[in-house]
Amino acid sequence: MGAKIKLSVEDVSKTFRIRGGQNSEDTFLAVLRHVSFDVREGEIVSLIGESGCGKTTLLRIIQGLIRLDAGAVKVDGQTVTKPGPDRGFVFQQASLLPWRSARANVEFGLELQGVPAASRRDQAQKLLRLVGLETSGEQFPHQLSGGMQQRIGLARALAIDPSILLMDEPFSALDAQTREELQGELLRIQRETGKTIIFVTHDLDEAIYLSNRVFVLGAKPGRVKKIIDVPFTGIRPELPELRGDPRFQEIRAEMWNLIRKPVPLAA
Ligand SMILES: Nc1ncnc2c1ncn2[C@@H]1O[C@H](COP(=O)(O)OP(=O)(O)OP(=O)(O)O)[C@@H](O)[C@H]1O
Ligand SMILES: [Mg+2]
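Sequence order sets the numbering: in each chain, residues are counted from 1 along the sequence as written. Starting at A for chains and at 1 for ligands, labels are handed out in the order in which the entities are written. Where local features are concerned, this predicted model is filtered to residues with pLDDT of at least 70; where side-chain atom pairs are given and counted, the filter is 80 or more; whole-chain, interface and lining totals use all residues. Hydrogens are left out, water is left out, and the side-chain values use all remaining heavy atoms of the structure.

## Quick look at the nonpolar core
(1) Moving on: Think of a nonpolar core as a cluster: buried Ala, Val, Leu, Ile, Met, Phe, Trp, Tyr and Cys residues, connected wherever their side-chain atoms sit within 4.5 Å. The rule is simple: take the accessible area with a 1.4 Å probe, protein chains only, and divide by the maximum for that residue type; under 20% is buried, over 50% is exposed, in between is partly exposed. Core analysis: the biggest nonpolar cluster contains 46 residues, and L154 and M255 have the highest contact counts within it.
(2) Moving on: Secondary structure follows DSSP: runs of H or I at least 4 residues long count as helices, runs of E at least 2 residues long count as strands, and numbering of each begins at the N terminus. The element that contributes the greatest number of residues to this core is helix 4 (residues 146-159), accounting for six residues.
(3) Moving on: Excluding anything up to four places from it in sequence, M255 contacts I48, L204, A207, I208, V214 and I228.
(4) Moving on: Ranked by size, the runner-up nonpolar core spans 25 residues in total, among them V45, L58, I164 and F215. Only heavy atoms enter the contact rule, under which two residues are in contact if any of them lie within 4.5 Å.

## Some details on the site of ligand 1
(1) Moving on: Think of it this way: one heavy atom of a residue within 4 Å of a molecule or strand is enough to make that residue near it. Near ligand 1 you find F16, L29, V31, S51, G52, C53, G54, K55, T56, T57, E169 and H202, and these make up its full shell.
(2) Moving on: For ligand 1, the accessible surface in isolation is 640 Å², of which the surrounding protein chains cover 60%.
(3) Moving on: For the shell around ligand 1, the elements supplying multiple residues, two or more each, are strand 2 (27-40) and helix 1 (55-63).
(4) Moving on: Looking at the shell around ligand 1, the element that brings in the most residues is helix 1, giving three residues.
(5) Moving on: Each residue receives one of three labels: charged for Asp, Glu, Lys and Arg, nonpolar for Ala, Val, Leu, Ile, Met, Phe, Trp, Tyr, Cys and Pro, and polar for the others, Gly being one of them. Within the shell around ligand 1, the residues separate by chemical class into four nonpolar, six polar and two charged. Surface accessibility follows the Shrake-Rupley procedure with a 1.4 Å probe radius. Residue values consider only the protein chains on display as shielding.

## A closer look at the side chain of E206
(1) Moving on: Note that E206 resides in helix 6 (residues 204-210).
(2) Moving on: Two N or O atoms count as a polar contact when they lie within 3.5 Å, although within protein this holds only if one can serve as hydrogen donor and the other as acceptor, and sequence-adjacent residues are included solely when both atoms are side-chain atoms. In terms of polar contacts, E206 uses its side chain to reach the side chain of Q183, at 2.7 Å.
(3) Moving on: Looking at E206, its side chain comes within polar contact range of the side chain of T201, at 2.6 Å.
(4) Moving on: Beyond its immediate stretch of four places on either side in the chain, E206 contacts F171, R179, Q183, F199 and T201.

## Describing the pattern of salt bridges
(1) Moving on: Any Lys or Arg side-chain nitrogen located within 4 Å of an Asp or Glu carboxyl oxygen qualifies as a salt bridge. Per the stated rule, a full pass over the model turns up 27 salt bridges.
(2) Moving on: Linking K14 and D69 is a salt bridge whose minimum nitrogen-to-oxygen distance equals 3.8 Å. Taken together, the residues span a long stretch of sequence, with K14 in strand 1 (residues 5-18) and D69 in the loop between helix 1 and strand 4 (70-75) at a distance of 55 residues.
(3) Moving on: Classification of D69 as partly exposed rests on a relative accessible area of 47%.
(4) Moving on: Through salt bridges with shared partners, a single ionic network connects R151, E181, E185, R188 and E192.

## Let's talk about the packing of helix 4 against helix 5 (residues 176-193)
(1) Moving on: The N-to-C vectors of helix 4 and helix 5 enclose an angle of 20°; their axes lie 11 Å apart at closest approach. Comparing their axes, helix 5 and helix 4 come out roughly parallel. Classified by chirality, the crossing of helix 5 by helix 4 is right-handed. Contacts from G147, Q150, R151, L154 and L158 of helix 4 reach helix 5 at T178, E181, L182, E185, L186 and I189.
(2) Moving on: Here the contact of helix 4 with helix 5 is built from residues that sort into five nonpolar, three polar and three charged. The convention used is that axes are lines fitted to C-alpha atoms, helices contributing only their stretch in contact, and that angles between N-to-C directions extend from 0 to 180 degrees. When describing relative orientation, an angle under 35 degrees is termed roughly parallel and one over 145 degrees roughly antiparallel, while 65 to 115 degrees is termed roughly perpendicular and anything else oblique. Should the near helix be turned anticlockwise from the far one by less than a right angle, the crossing is termed left-handed; should it be turned clockwise, right-handed.

## Looking at the environment of L154
(1) Moving on: Residue placement: L154 occurs in helix 4.
(2) Moving on: L154 sits in the buried class, given a relative accessible area of 7%.
(3) Moving on: C-alpha of L154 to C-alpha of F199: the two residues are 45 residues apart in sequence and 13 Å apart in space.
(4) Moving on: The residues contacting L154, other than those within four sequence positions of it, are V90, V131, L165, M167, L186 and I189.

Following this line, the structure appears as structure tokens:
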């Protein structure tokens, strides 16, 4: 991980206007308020926080799909105003195009960029190999398992060679075993490609295992409550082994205390 700042989120605020219907007034929902942080090149940062605290909204703002009310998002010092090939998105559901083969799904972004067929094919083959599916390129999405579909979704996002990957709960629909497998794969792919990753998850273990830092968001309005440094560096032991590390338990407890709702006292 370099020392260079890849992404800056500078004092970002966002309020949604919710239409009131015929007889009622519009209401306003303050989703994010004064959110600021930097992410270094090659860093993996996880965002955690209760449902509705604005994690997806924040990723969409970084992607350039949602306009912010105040503040700025910068990639390499340049202000983001719209989606661009420097940022790739991976969704909770792979949402592949069902009529296209796995390979053709991976090639999609390159087609839009007008990349010639032969180099598209080469590029797609490399990516299929990177995500461990080099022999499945001709299969269609319905012929792939959920885990395989998420691998293709990742390859599709990587195809345009973004420097930043924005991942919104990408593994949450998978069974525990596939999930751990893909977490390991993501770390390997990150080591091989040096991508900067912003990863949204509700799974505390996943956040600690994958990240250099975990940003704990608070709700109503969303803000960064705490930034937690994860002390493990280099190639990490597998998650089951890491869970036994006292530092892991300590961080996990801290995160849990920050996100859990206060329990009302019994009368
Ligand atoms: N386009 C929109 N218009 C109005 N309100 C919206 C819009 N998008 C999101 N919201 C509201 O903003 C809040 C934050 O939503 P967001 O999807 O960012 O939360 P989240 O942290 O990703 O939640 P989850 O963990 O459930 O995915 C929610 O209350 C949601 O209803
Ligand atoms: Mg969300």
